[in-house]
Structure formats: structure tokens, C-alpha cells
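Each chain is listed here by its residues.
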Amino acid sequence: MVRSPTPPTTPSLDAAQLAGFPVGGEPLAVDLGDTIVTVSDPPTDLLADREACERFWALQHARLPEGWQVPSLSATRELRDAIRQLLDDTLAKVRLDFRALEIVNGVSASVSTTLEASQTNTGLQRVEHWQAADPTALPLAAAARSAIEIVTDTASVERLRRCANPDCSMLFVNGDSRRQWCTPNICGNRARVARHYHRHRPTEADL
Ligand SMILES: [Zn+2]
């Protein structure tokens, strides 16, 4: 029996970018869904190899159930593709893809969890125990559950966004109604530069 971290903590954007992922600190399912760049043709897979897969899961370690081990690249990619499909369908307000839903539900069902009210020196604490025959199922199940929590929650669905930069396919969950960009330092900065240029573009009178 293993314990989930309390409370789960998300990686910082800096840590994600250092590890080679442009977006980080979103819900686990969104961070995983953002490991594929769908605006390029063909799409660019940021989980290019086993090493990138290890970097992704290591980055997420603080919010993974205790005792987890790195899943295979193929299992990670299969779940990532299914999650990305569900998030894209949610954004497009279309019926969720049946096969993708089946994959995500199947991965979520591969572990069992129980809740316990635990007495501690600082009061009652809610502790969740995760059980899996295969420890590599734990991180996948955590990501699948994160996806289910988003697509079944009206408030999360309303806050799910795609970056306002048409050349960017990154998704995020908006905690601030003014947020339009996946990241302030990549797409947000690009927009600021463009706005600055438009404001200061020389007019005919200046020439
Ligand atoms: Zn972006």
C-alpha cells in the first residue's frame, strides 16, 4: 500500500522548461497533453525517446503516488494521445472520442485507491492510498484520473484554454481570466513584442 503526497505539488514552469517542456505547472493531464506539438506537420513529439519520458515523469514526481516507477515510452505516449484527444474534444465542444475515453478509463481502473482519515499532531488529514500490482501503472493512473477530473467538471471545462498564439498548440487551465498565453516567456512575450511594434510602428508622417 502506498500513500499519495499531501498536498500534491505541481512542477514550476522554470523546472519544466529546464527539462525541455515549454509548459508546466498545469494539471498533470494537461502537462502530459502538452508533450505533443500539434501545430507542426507532422506533429512534434516532445516525448521523443525513453530519456525524455523519464524527464517528464521525474518532473512530476511531487504529485505522483509514492512508490511509482517510470512507465514505458509506448504506454506513456498511448495515454498522452488519448488524453490530448479528450482535451481537444472538450475544447471543441464535441462528443468525446469513444476509444480515447476507453483508454483513459482503462488506465484509471488499473489501480485502486482508498481514502483514510488520519489523526496527526496537526489534526485530521485526508490520506489516499494507491494500490497497483505494477508500480509503473501509478503515474499513468494519476494522469488518467487528472484527465477525468477535468473533462467531468464544468468549472474546469470552462477554464480549459488553448494558447491564443495561432502558431502554438499548448493547452492550459486558466486561473486568471486575463490569461491568453500558455507561457509568459514564450507566447506571451511574442504577443507583447507584436503589440509594442504595432503601437510604435512608424506612420507616414514620421518618414
Ligand atoms: Zn503558446
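It should be noted that the structure appears before, not after, this text.
Along every chain, residues carry numbers that run from 1 in the direction the sequence is written. Per-residue local features are limited, in this predicted model, to residues with pLDDT of at least 70; the limit for side-chain atom pairs, both in listing and counting, is 80 or more; totals at the level of whole chains, interfaces and linings are taken over all residues. Each side-chain value is worked out from all heavy atoms of the structure, with water and hydrogens disregarded.

## Quick look at empty space enclosed by the protein
And then number 1: Residues are said to line a cavity or pocket when one of their atoms sits within 4 Å of a point; the points come from a 1 Å grid over protein atoms alone, cavities being sets where a 1.4 Å probe fits but cannot get out and pockets being open sets with protein on both sides within 12 Å along at least five of seven lines. Grid points are joined across faces, edges and corners, and a volume is the space filled by probe spheres set on the points. Enumeration over the complete set of coordinates arrives at one cavity of 30 Å³ or more.
And then number 2: Taken as a whole, the largest cavity spans an internal volume of roughly 40 Å³.
And then number 3: Along the walls of the largest cavity sit F21, V23, D31, D34, T35, F56, L59 and Q60, which together make up its complete lining.
And then number 4: Residues are grouped as follows: nonpolar covers Ala, Val, Leu, Ile, Met, Phe, Trp, Tyr, Cys and Pro; charged covers Asp, Glu, Lys and Arg; every other residue, Gly included, is treated as polar. In terms of residue class, the lining of the largest cavity is made up of four nonpolar, two polar and two charged.

## A look at the coordination of the zinc ion
And then number 1: In this analysis a donor is any N, O or S atom within 2.8 Å of a metal ion (3.2 Å for sodium, potassium and calcium), and since water is not included, sites may seem incomplete. The protein atoms that coordinate the zinc ion are C163 (SG), C168 (SG), C182 (SG) and C187 (SG), at distances spanning 2.3 Å.
And then number 2: Geometry assignment treats four donors as tetrahedral when all angles are between 85 and 135 degrees, treats four as square planar and six as octahedral when opposite donors are over 155 degrees apart and all others between 65 and 115, and treats everything else as irregular. Classification of the site at the zinc ion as tetrahedral follows from its four donor atoms and the range of 106 to 116° in their angles at the metal.
And then number 3: Here the donor residues of the zinc ion are spaced in sequence according to C-x4-C-x13-C-x4-C. Residue C168 is located in the loop between strand 6 (160-162) and strand 7 (171-173), and its partner C182 is located in the loop between strand 7 and helix 8 (184-200); the two are separated by 14 residues in the primary sequence. Segments assigned H or I by DSSP are reported as helices when at least four residues long, segments assigned E as strands when at least two residues long, and all are numbered from the N terminus.

## Topic: the pairing of strand 5 (residues 123-131)
Both faces of the sheet carry side chains from a regular strand, because those side chains alternate between them.
And then number 1: One requirement defines pairing of two strands: DSSP has to find at least two bridges between them. Of the pairings in the sheet, the one linking strand 4 (residues 112-120) to strand 5 comprises nine bridges and is antiparallel in character. Residue pairing for strand 5: T120 is matched across the bridge by G123.
And then number 2: Hairpin geometry of strand 4 and strand 5 is characterised by an intervening segment of two residues between the two adjacent antiparallel strands.

## Remarks on the packing of aromatic side chains
And then number 1: When the centres of two rings from Phe, Tyr and Trp lie within 6.5 Å, Trp using its six-membered ring, the rings pair. Their planes under 30 degrees apart give stacked, over 60 give edge-to-face, and anything left gives tilted. Taken as a whole and judged by the stated rule, the model has two aromatic pairs.
And then number 2: Taken together, a centroid distance of 5.7 Å and an interplanar angle of 80° make the contact between F21 and F56 edge-to-face. Here F56 lies in helix 3 (residues 50-59) and F21 lies in the loop between helix 1 (13-18) and helix 2 (28-33), a separation of 35 residues in the sequence.
And then number 3: Burial status follows relative accessibility: with a 1.4 Å probe on protein chains alone, a residue under 20% of its type maximum counts as buried, one over 50% as exposed, and anything between as partly exposed. Since its relative accessible area comes to 4%, F21 is described here as buried.
And then number 4: The interplanar angle of 80° and the centroid separation of 5.1 Å between the aromatic rings of F56 and W57 together place this pair among those described as edge-to-face.

## Section: the nonpolar core
And then number 1: Here, nonpolar core means buried Ala, Val, Leu, Ile, Met, Phe, Trp, Tyr and Cys residues that are tied together by side-chain atoms lying within 4.5 Å of each other. With 38 residues, the main nonpolar core has L32, W57, L79, I83, L87 and V104 as its most contacted residues.
And then number 2: Contributing elements (two or more residues each) for this core: helix 2, helix 3, helix 4 (73-92), helix 5 (98-108), helix 6 (137-151) and strand 7.
And then number 3: The dominant element in this core, judged by the number of residues it contributes, is helix 6, at 10 residues.
And then number 4: Any two residues having at least one pair of non-hydrogen atoms within 4.5 Å are treated as being in contact. Once you skip the residues sitting within four places of it in the chain, I83 turns out to touch A29, L32, V104, A143, A144 and A147.
And then number 5: Among the nonpolar cores identified, the runner-up in size contains nine residues, and C163, M170, F172 and C182 belong to it.

## Looking at the pattern of salt bridges
Opposite charge on two side chains makes pairing possible when the charged atoms of those side chains draw close.
And then number 1: The rule for a salt bridge is simple: a side-chain nitrogen of Lys or Arg has to be within 4 Å of a carboxyl oxygen of Asp or Glu. With the rule as written, the count across this model stands at 12 salt bridges.
And then number 2: The partner of R84 in a salt bridge is D88, with the nearest N and O atoms 3.2 Å apart. Of this pair, R84 and D88 both sit in helix 4, four residues apart, which is roughly one turn of the helix.
And then number 3: By relative accessible area, which is 4% here, R84 ends up buried.
And then number 4: With a relative accessible area of 24%, D88 lands in the partly exposed category.
And then number 5: Note that E102 is salt-bridged to R99, the shortest N-O span being 3.1 Å. You can see E102 and its partner R99 sitting in helix 5, three residues apart, about one turn around the helix.
And then number 6: R99 sits in the partly exposed class, given a relative accessible area of 49%.

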